[in-house]
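Residue-level listing of the chains:
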Amino acid sequence: MLESFDRHRRLRTTPAMRRLVQEFRYTPEDFIYPMFVQEGLHGQEEIAAMPGVYHYGLEEFRQEVLELSRLGVPSILLFGVPEEKDELSSSAYAERGIVQEAVRAAKEENPDLLVMTDVCLCQYNQAGHCGLVQDGKIVNDPSLDLLARTAVSHAAAGADVVAPSDMMDGRVAAIRAALDREGLIDTSILSYAVKYASAFYGPFREAAHSTPAFGDRKTYQMNPANVREAVRETASDLAEGADMVMVKPALSYMDVTKTIRDQFDVPVGTYNVSAEYSMVKAAAAQGWIDERAMVTEILTSFKRAGADFILSYHAKDAARWHREELGLEG
Ligand code: PBG
């Protein structure tokens, strides 16, 4: 008897068959691991809302760089937690600031590690805002010089990539011009071009001590309900000189990643942010989910959405699982 339907299950019969016809996969090569370095800290402290993620003092940070290299994670994104905050966010661009020192330390431990830095002011001023605050307002243009100085100081310390996350208009142009003026022509800019004003950053703000002291970030970060605006933001940042862009957060915004992927031909990443991580960890701690299976599914779906690279706090675990699958020591 002739069959009148397709047998889709034929291609699902065995693990080898399923692997053969798999359309998307990630490898640790895709990962950028976000890390928090804290000035004046000796040792390392786990961040309460992000189990498995730590504040590192510089010495422990060095050890961690070596561990990441062993695991095959090729890249890190650095966030600093400074000892001092002031109105002008001066520890953001201090030559011996915590991020600048961490960049030097990372390069000393492994010159091949791709070192990226988050460029923003929110950890460095008491207001906890990403730009300069004057009369209770986050002022755009006066912020640009401070952001550019921050980026130059990171690049001068040896950062390969600077990643502005502040969402001030014109910052990519200001940063590119300042880098070029200093002869730092090979430093790339990964713009947080599409960054939404999201509730998914909650645990990060605890980790970075960057919760706004007043108001919120809605006058500079994007409205989660918009996608055409994401295209305009990306177009501006690319015109200003961004080499790569990212969409952030990741999970609720995979349609946005897909849109940006389809409309632009530059490398596109997605940032699997703090609460996306914490939700998985919390559910796993309760025994409600299979963490490894869920993280694998999540990371694969970012590739399906079109991400070239993935910023994720799961990167270390996922790299370890990858090694296990290859039969290497975890
Ligand atoms: C700060 C910054 C934030 C994140 C990255 N850079 C927080 C914010 O904008 O409030 C979020 C990262 C995360 O949640 O993992 N400019």
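What you are looking at is a predicted structure, and each value in this text was computed from that prediction instead of being measured. (Residues numbered from 1 in each chain as written. Predicted model: local features only at pLDDT ≥ 70, side-chain atom pairs only at ≥ 80, totals over all residues. Heavy atoms only, no water.)

S.K.: Is there a simple way to explain the pairing of strand E1 (residues 31-38) in this structure?
M.R.: Here is the key point about a regular strand: its side chains alternate between the two faces of the sheet. Judged by how many residues are buried, E1 sits mostly within the fold: eight of eight residues are covered. Side-chain alternation along E1 places Phe-31, Tyr-33, Met-35 and Val-37 on one buried face and Ile-32, Pro-34, Phe-36 and Gln-38 on a second face that is also buried. Where E1 meets strand E12 (residues 309-312), two bridges bridge the pair, whose relative direction is parallel. Directly across from Ile-32, in E12, lies its bridge partner Leu-311. The pairing of E1 with strand E4 (residues 75-81) spans seven bridges and is classified as parallel. Looking across to E4, one finds that Pro-34 is bridged to Leu-77. (Buried < 20%, exposed > 50% of the residue type's maximum accessible area, 1.4 Å probe, protein only. Helix = DSSP H or I, 4+ residues; strand = E, 2+ residues; numbered from the N terminus. Pairing = 2+ DSSP bridges.)

S.K.: Could you clarify how one ought to interpret a nonpolar patch on the surface in this entry?
M.R.: A contiguous nonpolar surface patch, about 290 Å² in accessible area, is contributed by Leu-11, Leu-20 and Val-21. Its place among the elements puts Leu-20 in helix H1 (residues 15-20). (Patch = residues over 30% accessible without salt bridge, like charges linked within 9 Å, V, L, I, M, F, W, Y side chains within 5 Å. Areas by Shrake-Rupley, 256 points an atom, 1.4 Å probe, with all protein chains shown as cover. Salt bridge = Lys/Arg side-chain N within 4 Å of Asp/Glu carboxyl O.)

S.K.: Would you mind going over the layout of surface pockets with me for this structure?
M.R.: A water-sized probe, rolled over the atoms, reveals where empty space remains. The space that makes up the largest pocket amounts to roughly 780 Å³. For the lining of the largest pocket, the secondary structure elements donating two or more residues are H1, helix H10 (291-304) and helix H11 (315-325). Counting residues per element, the lining of the largest pocket draws most heavily on H10, which supplies five residues. By residue class, the composition of the lining of the largest pocket is eight nonpolar, five polar and nine charged. (1 Å grid on protein atoms, 1.4 Å probe; cavity = no way out; pocket = protein on both sides within 12 Å on 5 of 7 lines; lining within 4 Å. Points joined across faces, edges and corners; volume = space filled by probe spheres on them. Nonpolar A, V, L, I, M, F, W, Y, C, P; charged D, E, K, R; others polar.)

S.K.: Even after reading the chapter, I still don't get the packing of aromatic side chains, so can you show me in this structure?
M.R.: One pair of aromatic rings is described through two measures. These are the centre distance and the angle between the planes. Applying the stated criterion across every chain, the model contains ten aromatic pairs. Ring geometry for Tyr-54 against Tyr-56: centres 6.0 Å apart, planes inclined by 45°, an arrangement best described as tilted. Connected via pairs of aromatic rings, a cluster forms that spans Phe-36, Phe-79, Tyr-192, Phe-204, Tyr-271, Tyr-277 and Tyr-313. Positioned over the ring face of Tyr-201 is Lys-248, at 4.6 Å from the centre of the ring. Over the face of the ring belonging to Tyr-271 we find Lys-248, whose NZ or CZ atom lies 4.9 Å from the ring centre. (Phe/Tyr/Trp six-rings, centres within 6.5 Å; stacked < 30°, edge-to-face > 60°. Lys NZ or Arg CZ within 6 Å of the ring centre and 35° of its normal.)

S.K.: I keep staring at the site of the ligand and nothing clicks. Help me out?
M.R.: Neighbouring the ligand are 18 residues, the closest being Lys-195, Arg-205, Lys-248, Ser-274 and Tyr-313. Between Lys-248 and the ligand, the recorded distance is 3.3 Å, taken from a side-chain N or O atom to a nitrogen atom. Between Ser-274 and the ligand, the recorded distance is 2.7 Å, taken from a side-chain N or O atom to an oxygen atom. The fraction of the free accessible surface of the ligand (400 Å²) that becomes covered by protein chains is 100%. Judged by the proximity of its atoms to the pocket grid, the ligand belongs to the largest cavity. Grouping the constituent residues of the shell around the ligand by class yields ten nonpolar, three polar and five charged. (Near = heavy atom within 4 Å. Polar contact = N/O pair within 3.5 Å; in protein donor to acceptor, adjacent residues only side chain to side chain. Sits in = over half its atoms within 2 Å of the grid points.)

S.K.: What is the right way to read the side chain of Thr-270 from this model?
M.R.: With respect to the secondary-structure elements, Thr-270 resides in strand E11 (residues 268-272). At a separation of 3.3 Å, a polar atom in the side chain of Thr-270 contacts the main-chain carbonyl oxygen of Val-247.

S.K.: Is there a simple way to think about unusual backbone geometry in this case?
M.R.: Residues Lys-248 and Pro-249 are joined by a peptide bond in cis, for which omega reads -5°. Inspection of the secondary structure puts Pro-249 in the loop between strand E10 (244-248) and helix H8 (254-263). The phi dihedral of Met-167 is positive, around 70°, even though this residue is not glycine. As for its placement among the helices and strands, Met-167 is situated in the loop between strand E8 (161-164) and helix H5 (171-181). Its identity is not glycine, yet His-209 carries a phi of approximately 50°, on the positive side. Within the secondary structure layout, His-209 lies in the loop between helix H6 (202-208) and helix H7 (228-240). When its relative accessible area of 42% is taken as the criterion, His-209 is described as partly exposed.

S.K.: What should I look at first to understand empty space enclosed by the protein in this one?
M.R.: Considering all chains together, one arrives at one cavity of 30 Å³ or more under this definition. Along its surface, the largest cavity is lined by 19 residues, and Ser-165, Lys-195, Tyr-201, Phe-204 and Lys-248 are the ones closest to its centre. Each residue belonging to the lining of the largest cavity can be placed in one class, and the counts come to nine nonpolar, five polar and five charged.

S.K.: Can you walk me through the nonpolar core in this structure?
M.R.: Note on soluble globular proteins: their nonpolar side chains tend to be buried together. Counting 77 residues, the largest nonpolar core has Phe-61, Ile-76, Leu-78, Val-194 and Ile-260 as its most contacted members. The dominant element in this core, judged by the number of residues it contributes, is helix H4 (residues 140-157), at eight residues. Residues contacting Ile-76, with those up to four places away along its chain left out, are Ile-32, Tyr-33, Met-35, Phe-61, Leu-68, Ala-106, Leu-113, Leu-114, Val-115 and Met-116. Grouped together as the second largest cluster of nonpolar side chains are 24 residues, Ala-163, Ala-208, Met-246 and Tyr-313 included. (Core = buried A, V, L, I, M, F, W, Y, C linked by side-chain atoms within 4.5 Å. Contact = heavy atoms within 4.5 Å.)

S.K.: Sorry if this is basic, but what is going on with the environment of Met-168 here?
M.R.: Following the sequence through the fold, Met-168 ends up in the loop between E8 and H5. We classify Met-168 as buried; its relative accessible area is 3%. Considered as a pair, Met-168 and Cys-120 are 48 residues apart in the sequence and their alpha carbons are 9.7 Å apart. Met-168 has contacts with Cys-130, Gly-131, Ile-138, Val-139, Asn-140, Ser-143, Leu-144, Leu-147 and Tyr-220, leaving out every residue within four places of it along the chain.

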